[in-house]
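Observations on the model geometry
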Amino acid sequence: MKLSKKVVLLGPFGVGKTSLFRRFIDNEFSEGYKVTLGVQIKKKVIQLPDGRELSMIIWDTEGHSNSVEDTRRSYLLGSHAIIYVFDLTREDTYKDLYKDLEYLKNTYSKVIIKVLGNKLDLVHEKEMKANLLELNIPFDYLTSAKTNKNVQDFFSDLAKEIAE
């Protein structure tokens, strides 16, 4: 039996949502920056450890300027997972993280919510983890769409979790 689950990428402008999307779906990375307008949707089929197939329908949404409350509700309806992405090199992309996560958890209480710090290739990993922990910034994974560090592992773990 094939499962189909909707996954939405959210976060501020320029944090690398589209780069993560392209890295996971097509195993590609581009240095050129193009703003996502609206939403881009693609599918990737994942083989689960138990032999089932999971079709992940991934929505790459435009970046928000103030908070995730600015995101069109239609993008989030029917989601099985929401991935909130922030940029490890720009503190302004995670300063409102608690407010955004609180809104998401209250509004989409039955949806799995994960937090990714992206652009790990531009920082020292140990120092960055220490800084985030000191600032009490929650995260599930630190990734680099450019080098593919932790991208496949994250999506594989997410696939297992949403298939349960």
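My aim in this report is to walk through the structure given alongside it, one point at a time. Note that the coordinates shown come from a computational prediction; the quantities given were computed from them, not determined experimentally.

Here we take up the nonpolar core. The biggest cluster of nonpolar side chains holds 27 residues, and the ones touching the most others in it are Met56, Ile58, Ile83 and Leu158. Contributing elements (two or more residues each) for this core: strand 1 (2-10), helix 1 (17-26), strand 3 (53-61), strand 4 (81-87), strand 5 (112-118) and helix 5 (151-163). Ranked by residues supplied to this core, first place goes to helix 5 with 7 residues. Discounting chain neighbours no more than four positions away, the residues touching methionine 56 are Lys5, Val7, Phe24, Lys42, Lys43, Lys44, Ile46, Phe155, Leu158, Ala159 and Ile162.

Once that is clear, we can look at the environment of proline 138. As for its position among the elements, proline 138 is in the loop between helix 4 (125-134) and strand 6 (141-142). Linking proline 138 and leucine 101, residues 37 residues apart in sequence, is a C-alpha distance of 9.7 Å. With sequence-adjacent residues up to four places away left out, proline 138 is seen in contact with Phe86, Leu97, Tyr98, Leu101 and Val115.

Even without being glycine, asparagine 27 reaches a positive phi, approximately 55°. Within the secondary structure layout, asparagine 27 lies in the loop between helix 1 and strand 2 (39-47). Phi at lysine 119 is positive, roughly 80°, even though this residue is not glycine. Counting through the fold element by element, lysine 119 comes out in the loop between strand 5 and helix 4.

Definitions and limits used
- Residues numbered from 1 in each chain as written.
- Predicted model: local features only at pLDDT ≥ 70, side-chain atom pairs only at ≥ 80, totals over all residues.
- Heavy atoms only, no water.
- Core = buried A, V, L, I, M, F, W, Y, C linked by side-chain atoms within 4.5 Å.
- Buried < 20%, exposed > 50% of the residue type's maximum accessible area, 1.4 Å probe, protein only.
- Helix = DSSP H or I, 4+ residues; strand = E, 2+ residues; numbered from the N terminus.
- Contact = heavy atoms within 4.5 Å.

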